[in-house]
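# Structure assessment
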Amino acid sequence: MNAPSTPTQSELLQRAERQAEVVAALSRHLPAHALLWQAEDTTAYECDGLTAYRQRPLVVALPETEEQVADVLKVCHDLGVPVVARGAGTGLSGGAMPHALGVTLSLAKFNRILQVDPISRTARVQGGVRNLAISEAAAPYGLYYAPDPSSQIACTIGGNVAENSGGVHCLKYGLTVHNVLAVRGFTMQGEPITLGSAALDSAGLDLLAVFVGSEGMLGVVVEVTVKLVPKPQLARCIMASFDDLRRAGDAVAAVIAAGIIPAGLEMMDKPMTAAVEDFVHAGYDLSAEAILLCESDGTPEEVEEEIGRMSAVLRQAGATAIAVSRDEAERLRFWSGRKNAFPASGRISPDYMCMDSTIPRKRLADILLAIAEMEKKYQLRCANVFHAGDGNLHPLIMFDANDADQLRRCELFGAEILETSVAMGGTVTGEHGVGVEKLNSMCVQFSPQERDQMLGLKAAFDPAGLLNPGKVIPTHNRCAEYGRMLVRAGQISHPDLPRF
């Protein structure tokens, strides 16, 4: 992925003329304070959590009512202006990076919790509500919203729907798609749509599952109905140390093979534990090559039994040390390191690129050892944290974005991790989405025919192709050029992958 090139004088003039046209049209539907176009106001929207790539939007619209959302979409559709919906901007794949000649549609003002129903165990919230705010509102009823991405203090439910976010407890409780009952929003044409229902099922095709994880390419979310689950009576966490990466990886597979589904099963390698321990002092074993965090929740009797079974499996798998949280404060301290892996990495490197792929659990050690070799090849550090229970990797490649060569090597490093994940039977993304970051890697995993099917689905919702264009699904020309580039660089090492 290349950074946007410097615009020519002609392009700048075209942009100014287009901007004036769009501002004039939107001003008829939005108050002055809900429309931004000056550089000093729009620069804050130029990227999401993937800061390596930036682009100032033409205009930022901040509607306050559903009618205004519909009006913005209708105006942009009529003018042929691209629209990029934005939540809190915590995404890590560039999914909310603006279009140079488009409108960034911020849902920040849609931040109301409309209803918490303890009887049906549901909450109806606007798309801009923070993930953690749902659990806070449900807490008086002994309920909470289960998906808990590390950014849950800031990320919004609309963004979670776009990316199908997970979190450290997704192994037992599922991703966003498993915890959302219904979504309301608008198509690019400004037409209202409702997908799903409060019932166990809804009539017709399951378009809700298609919409969740579609990265803002099919519609704009304004309201979400989510499931709530009872807060467990007790939760305890095991911290297990391993002196060998392969034994740690095998231990993950052993826990699942024993028929145990922990509430959370996370893995961190030695560089990551060192980074987070210096940051939050979670009590991690700094001599271990890897640590596992295995959580059990439920009734006290259930937790005691499951903790005993997991401890036995981990010892048999070669754990060199096992610590079990004695109280809630210690459990939260164990998790504090994992939850702060990203900011901890930010303290030891000017920039980092957080990758996101999945592999079969049995290949955890293989991918870690492969990444260690890539560190030598690209001369960049990488710290690793995993949703180990479902094989979702988060390697954090550390680099300096001010050094063009480091950025180039970082991109190649990340691409090789994704290619290797596919070769091991995995996928190029688990929960962060494709955005702009993984466009080239989509060429590696999916054939031209499969990509055509994806484009056909998008066209059914957005025939004009104006919602979040240039993201997620690469063009055939882009893939052909990427394939030629890999051949020139000698990077294609898996000839069984689909042709470009």
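What this report covers is the structure whose coordinates are included nearby. (Residues numbered from 1 in each chain as written. Predicted model: local features only at pLDDT ≥ 70, side-chain atom pairs only at ≥ 80, totals over all residues. Heavy atoms only, no water.)

### Section: the nonpolar core
- Among the nonpolar cores identified, the biggest contains 56 residues, and Met 267, Leu 292, Leu 314, Met 353 and Phe 413 are the most heavily contacted of them.
- The residues contacting Phe 413, other than those within four sequence positions of it, are Ile 371, Met 374, Glu 375, Tyr 378, Leu 380, Cys 382 and Ile 397.
- Grouped together as the second largest cluster of nonpolar side chains are 28 residues, Leu 73, Val 81, Val 83 and Leu 467 included. (Core = buried A, V, L, I, M, F, W, Y, C linked by side-chain atoms within 4.5 Å. Buried < 20%, exposed > 50% of the residue type's maximum accessible area, 1.4 Å probe, protein only. Contact = heavy atoms within 4.5 Å.)

### A look at the sheet that holds strand β3 (residues 83–86)
- The four strands lie next to each other as β1-β2-β4-β3, forming an open sheet whose pairing is mixed. The open sheet terminates on both sides in strands that have one partner only, identified here as β1 (35–36) and β3.
- Direction of pairing for β1 relative to strand β2 (residues 59–61): antiparallel, over a ladder of two bridges. Within the sheet, the bridge partner assigned to Leu 36 lies in β2 and is Val 60.
- Packed onto the sheet, helix α1 (residues 9–26) meets β1, β2 and β4 (103–106) and runs at close to 20° relative to β2.
- Here helix α3 (residues 66–79) sits on the sheet in contact with β2, β3 and β4, set at roughly 165° to β4. (Pairing = 2+ DSSP bridges. Helix = DSSP H or I, 4+ residues; strand = E, 2+ residues; numbered from the N terminus. Axes fitted to C-alpha atoms, helices over the stretch in contact; angles between N-to-C directions.)

### Comments concerning the side chain of Ser 336
- The topology assignment puts Ser 336 in helix α11 (residues 328–339).
- Classification of Ser 336 as buried rests on a relative accessible area of 19%.
- Of note is the side chain of Ser 336, whose polar atom sits 2.6 Å from the backbone oxygen of Arg 333.
- Look past the residues within four positions of Ser 336 in its chain and what remains in contact with it is Val 280 and Ala 282. (Polar contact = N/O pair within 3.5 Å; in protein donor to acceptor, adjacent residues only side chain to side chain.)

### Structural notes on the environment of Gly 49
- Here Gly 49 is to be found in the loop between α2 (39–42) and β2.
- Between the alpha carbons of Gly 49 and Ala 282 there is a distance of 25 Å; along the sequence they are 233 residues apart.

### A closer look at the packing of aromatic side chains
- Evaluated as defined, the whole model comprises three aromatic pairs.
- Centre to centre, the rings of Tyr 144 and Tyr 173 are 6.4 Å apart; their planes meet at 75°, and the pair counts as edge-to-face. Here Tyr 144 is found in strand β7 (residues 143–144), whereas its partner Tyr 173 is found in helix α6 (residues 170–173), with 29 residues between them in sequence. Across the pair, exposure class does not vary: Tyr 144 and Tyr 173 are buried alike.
- Ring geometry for Phe 342 and Tyr 352: centres 6.3 Å apart, planes at 45°, overall tilted. Note that Phe 342 is positioned in helix α12 (residues 341–348) and Tyr 352 in strand β16 (residues 351–354), a separation of 10 residues in sequence.
- Using a relative accessible area of 24% as the deciding quantity, one classes Tyr 352 as partly exposed. (Phe/Tyr/Trp six-rings, centres within 6.5 Å; stacked < 30°, edge-to-face > 60°.)

### Thoughts on the state of the cysteines
- With the rule as written, the count across this model stands at one disulfide.
- With its sulfur 2.1 Å from that of its partner, Cys 443 forms a disulfide with Cys 479. For the disulfide bridge between Cys 443 and Cys 479, the dihedral angle about the S-S bond is near -80°, and by the sign convention the bridge is left-handed. Taken as a pair, Cys 443 in helix α15 (residues 439–445) and Cys 479 in helix α17 (residues 476–489) lie far apart in primary sequence, 36 residues in all. Take Cys 443 and Cys 479: they sit in the same class, and that class is buried. (Disulfide = S-S within 2.5 Å.)

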